[in-house]
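# A closer look at the structure
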Amino acid sequence: MKIYNTMTRQKEEFVPLTEGKLLMYVCGPTVYNYIHIGNARPMIVFDTFRRYMEYKGYEVNYVSNFTDVDDKIIQKAAQEGVDASVVSARYITECKKDMEDLNVMPATVHPLATEEIDGMIEMTGQLIDKGYAYVAEDGTVYFRTGKFKDYGKLSHKNLEDLQAGHRDIQVTGELKESPSDFVLWKPKKEGEPFWNSPWCEGRPGWHMECSVMSKKYLGETIDIHAGGEDLIFPHHENEIAQSEAASGRPFARYWMHNGFLNIDNHKMSKSAGNFFTVREIGEKYDLQVLRFFMLSAHYRSPLNFSAELMEAAKSSLERILTAADNLTRLRDAARAGAMTDEETKLYEAADVFRQKFGQAMDDDCNTADAVAAVFELVKYINLNASAEHTKEYLQKLYDCLHTLCGVLGIRIEREAQLLDADIEKLIEERTAARKNKDFARADQIRDELAGLGILLKDTREGVTWKRV
Ligand code: AMP
Ligand code: ZN
């Protein structure tokens, strides 16, 4: 498999540190609001990459953090008059809901920055001991970029240019030795959350958290570190400097970065009004459509979001779901018995689409071409599945479609197509039936939903439900 490595600016053969295993870290969101559809892009594309690696037989250890201490969280908490942890806990819960609706698998571990402060203090201390960091008069700890000879290697920036660039915008009163030095630990301001440290009461710099969590949950050297392209500099560059200076070992062997999502060809911006949360899109569409839309492009390309493109994605996805529905119907009505020779040949011929799918994914996770291979399979199914065929043959075709769509994180089962709104409607109908003492109908609705993996619970406050 080939992966485009931002560090070398080339597609490289992927060779894992340990055969059959993948250690991967993906920078997660800062939780001060509902996630927006730009945040969803790295979640979806790297989740798809992970699913593909698991499909290939890799045992994947996938770590993705929540940044739960940050200026924006503190600001929001101040506006609401609550503790910062109230804001972050709320949006972590909401983010996990969105991830579930986007069919993004939970990470092996979702560490929280605030629970890893000890590790950050420890690494900061190591960097000071090794001369890679220094404590300024006010207790701020800075990384000494001039001491790390590879500084700039990921973003392909040159330290002198960086220093010259920074000099123009240097804030007076800063106590840095050099304008490109960055913060590892900073003193608290009035009313902010803080932790004790050997240098001052305060909190860690943002970059520190990913270095520490990656090391703790995956080890000093990992296979792949990923995130949006805006993180290349300074975030990932600074993570490399911290981690490699502390351990003396390479930090990550491959760096993957997704391109940006724009809206109507403009940068997403709240103030300009072109900004959508995942939740807002979820009110209009099954979020599978958003997932499918994102995977229809290459993850490194910029991607434009618009109402028309979402509608197009919806009808494309519908073609796949309709084919799956037809197959299910045919299969359920089909005669039993072993596949005929002709069917065996037909089924074997469909393998070409599975191969095409694999080739596309092996080429730097080219989901656009992988989706095209799924459409070829759908066309083949539409031409080669009919009421004359055996159950076994139809089931095998279904399994093939199901597997490939599963790698993309697209659910083709009928129950997955049942929107929350449809479920709520059925629940309302059941409640009405019970009121009218039509218990037969009420039970029928409950059983129907149960058959689709929806469990109802009658509570004093009303009916709650969950997918199982
Ligand atoms: P943040 O919460 O800003 O740290 O972002 C979390 C993740 O979302 C990072 O990997 C960002 O690079 C990514 N991200 C933010 N905005 C966009 C966007 N418009 N398009 C694609 N990725 C984005
Ligand atoms: Zn990070």
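Structure report, in brief.

Calculation rules
Residues numbered from 1 in each chain as written. Chains lettered and ligands numbered in written order. Predicted model: local features only at pLDDT ≥ 70, side-chain atom pairs only at ≥ 80, totals over all residues. Heavy atoms only, no water. Donors = N, O, S within 2.8 Å, 3.2 Å for Na, K, Ca; no water. Tetrahedral: all angles 85-135°; square planar, octahedral: opposite > 155°, others 65-115°. Helix = DSSP H or I, 4+ residues; strand = E, 2+ residues; numbered from the N terminus. Buried < 20%, exposed > 50% of the residue type's maximum accessible area, 1.4 Å probe, protein only. Near = heavy atom within 4 Å. Polar contact = N/O pair within 3.5 Å; in protein donor to acceptor, adjacent residues only side chain to side chain. Areas by Shrake-Rupley, 256 points an atom, 1.4 Å probe, with all protein chains shown as cover. Contact = heavy atoms within 4.5 Å. Core = buried A, V, L, I, M, F, W, Y, C linked by side-chain atoms within 4.5 Å. Expected span 1.5 Å × (residues − 1). Pairing = 2+ DSSP bridges. Axes fitted to C-alpha atoms, helices over the stretch in contact; angles between N-to-C directions. Parallel < 35°, antiparallel > 145°, perpendicular 65-115°, else oblique. Left-handed = near helix turned anticlockwise from the far one by under 90°. Nonpolar A, V, L, I, M, F, W, Y, C, P; charged D, E, K, R; others polar.

## As for the coordination of the zinc ion (ligand 2)
- Taken together, the protein donors to the zinc ion (ligand 2) comprise Cys 27 (SG), Cys 210 (SG), His 235 (NE2) and Glu 239 (OE), at separations of 2.0 to 2.8 Å.
- In this structure, the zinc ion (ligand 2) is surrounded by four donor atoms whose angles at the metal cover 67 to 126°, and the resulting shape is irregular.
- Positions of the donor residues of the zinc ion (ligand 2) along the chain correspond to the pattern C-x182-C-x24-H-x3-E. Of this pair, Cys 210 sits in helix 6 (residues 206-218) while Glu 239 sits in helix 7 (residues 232-247), and the two are 29 residues apart along the sequence. For the pair Cys 210 and Glu 239, one class covers both residues: buried.

## Some words on the site of ligand 1
- Near ligand 1, the surroundings consist of 17 residues, among which Thr 30, Gly 38, Gly 228, Asp 230 and Leu 261 are the closest.
- Separating an oxygen atom of ligand 1 from a backbone N or O atom of Thr 30 is a distance of 3.0 Å.
- In the environment of ligand 1, a nitrogen atom lies 2.8 Å from a nitrogen or oxygen atom belonging to the backbone of Leu 261.
- Against a free-state accessible area of 490 Å², the protein chains account for coverage of 88% of ligand 1.

## A look at the environment of Phe 293
- Structurally, Phe 293 is set in helix 9 (residues 287-295).
- The buried category is assigned to Phe 293, whose relative accessible area is 6%.
- Once the C-alpha coordinates of Phe 293 and Leu 317 are considered, the two residues, 24 residues apart in sequence, prove to be 8.8 Å apart.
- Beyond its immediate sequence surroundings of up to four residues, Phe 293 is in contact with Leu 261, Leu 303, Asn 304, Phe 305, Leu 309, Met 310 and Ala 313.

## Regarding the nonpolar core
- Grouped together as the largest cluster of nonpolar side chains are 94 residues, with contacts concentrated most on Phe 49, Leu 290, Phe 357 and Leu 401.
- Top element by residues in this core is helix 14 (residues 391-408). It accounts for ten residues.
- Grouped together as the second largest cluster of nonpolar side chains are 40 residues, Leu 154, Met 208, Ile 222 and Ala 246 included.

## Digging into helix 10 (residues 307-333)
- The terminal C-alpha atoms of helix 10, which comprises 27 residues, lie 39 Å apart, in line with the 39 Å expected from a rise of 1.5 Å per residue.
- Those residues of helix 10 lying buried are Met 310, Ala 313, Leu 317, Ile 320, Leu 321, Ala 323, Ala 324, Leu 327, Thr 328 and Arg 331.
- Summarising the contacts, the buried residues of helix 10 are in contact with helix 8 (278-284), helix 9, strand 13 (303-305), helix 13 (367-384) and helix 14.

## Description of the sheet that holds strand 9 (residues 222-228)
- Here four strands make up an open sheet; going across it, the order is 4-3-9-10 and the pairing parallel. Strands with a single pairing partner mark the edges of an open sheet, and in this sheet they are strand 4 (59-64) and strand 10 (252-258). Ignoring which end each strand starts from, the neighbouring axes of this sheet average 20° apart.
- Here six bridges tie strand 3 (residues 21-26) to strand 4, and the two strands are oriented parallel to one another. Considered in strand 4, the bridge of Leu 23 is made with Asn 61.
- Sheet contacts for helix 6: strand 3, strand 4 and strand 9; angle to strand 3, the most-contacted strand, approximately 160°.
- Here helix 7 sits on the sheet in contact with strand 9 and strand 10, set at roughly 160° to strand 9.

## Some thoughts on the sheet that holds strand 12 (residues 266-267)
- Taking strand neighbours across the sheet as the criterion, the three strands line up as 12-11-13 in an open arrangement whose pairing is mixed. Since the sheet does not close on itself, it has two edges, and those belong to strand 12 and strand 13, each with one partner.
- As judged from the three bridges shared by strand 11 (residues 261-263) and strand 13, these two strands associate in the parallel manner. The residue bridging Asn 262 from the neighbouring strand is Asn 304, located in strand 13.
- Taken strand by strand, helix 1 (residues 37-55) contacts strand 11 and strand 13, and its axis lies near 150° from that of strand 11.

## Considering the packing of helix 10 against helix 14
- Their axes nearest at 9 Å, the elements helix 10 and helix 14 cross at an angle of 155°. Classified by the interaxial angle, the pair formed by helix 10 and helix 14 is roughly antiparallel. The handedness of the crossing between helix 10 and helix 14 is left-handed. Of the residues in helix 14, those in contact with Ile 320, Ala 324, Leu 327, Thr 328, Leu 330, Arg 331 and Asp 332 of helix 10 are Lys 391, Leu 394, Gln 395, Leu 397, Tyr 398, Leu 401 and Cys 405.
- Tallied by class, residues from the contact of helix 10 with helix 14 come to nine nonpolar, two polar and three charged.

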